[in-house]
Amino acid sequence: MNNLLQIRDKINNAKRRNEAKLLATKNGEVTPYRRSVFKDRIRQAQKDLKM
């Protein structure tokens, strides 16, 4: 595999990880992923999308 392709893959993976970290935090705090909290976040997101 070409070195440039490997570098591009590493950069893309780092971007995806960074975006996932940002999604996992809420106001700078890591949000708990208990089942009830996760369902509440889904409901809130769906409610926001309907508006």
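In the block above lies the structure referred to throughout.
The text that follows walks through the structure, step by step, so that each part is easy to find. Note that the structure is a prediction, hence the values are computed from the model and not measured.

About the cut-offs
Residues numbered from 1 in each chain as written. Predicted model: local features only at pLDDT ≥ 70, side-chain atom pairs only at ≥ 80, totals over all residues. Heavy atoms only, no water. Helix = DSSP H or I, 4+ residues; strand = E, 2+ residues; numbered from the N terminus. Buried < 20%, exposed > 50% of the residue type's maximum accessible area, 1.4 Å probe, protein only. Areas by Shrake-Rupley, 256 points an atom, 1.4 Å probe, with all protein chains shown as cover. Patch = residues over 30% accessible without salt bridge, like charges linked within 9 Å, V, L, I, M, F, W, Y side chains within 5 Å. Salt bridge = Lys/Arg side-chain N within 4 Å of Asp/Glu carboxyl O. Expected span 1.5 Å × (residues − 1). Polar contact = N/O pair within 3.5 Å; in protein donor to acceptor, adjacent residues only side chain to side chain.

Here's the deal with the overall build of the protein chain
Moving on, step 1. A count of helices and strands for the protein chain gives two helices and two strands.
Moving on, step 2. Helices and strands in the protein chain line up, N terminus first, as α-β-β-α.
Moving on, step 3. Residues counted as buried form 2% of the 51 residues belonging to the protein chain.
Moving on, step 4. Surface summary for the protein chain: the accessible area is close to 5,100 Å², and the carbon and sulfur share equals 55%.

Observations concerning a nonpolar patch on the surface
Moving on, step 1. A grouping of L4, I7 and I11 is seen on the molecular surface, where their side chains present a nonpolar patch of about 300 Å² in accessible area.
Moving on, step 2. Residue position: L4 is located in helix α1 (residues 3–24).

Structural notes on α1
Moving on, step 1. Between its terminal C-alpha atoms α1 stretches 32 Å, which fits the 32 Å expected from 22 residues at 1.5 Å a residue.
Moving on, step 2. Here α1 starts with a cap whose side-chain oxygen sits 3.2 Å from the backbone nitrogen of L4, and that cap is N2.

Quick notes on the pattern of salt bridges
Moving on, step 1. The final tally for this structure, using the stated rule, is one salt bridge.
Moving on, step 2. One salt bridge in this structure joins R43 and D40, with 2.8 Å as the shortest N-O distance. Of the two residues, R43 and D40 are both situated in helix α2 (residues 35–50); the distance of three residues between them amounts to about one turn of the helix.
Moving on, step 3. Overall, D40 belongs to the partly exposed group, its relative accessible area being 44%.

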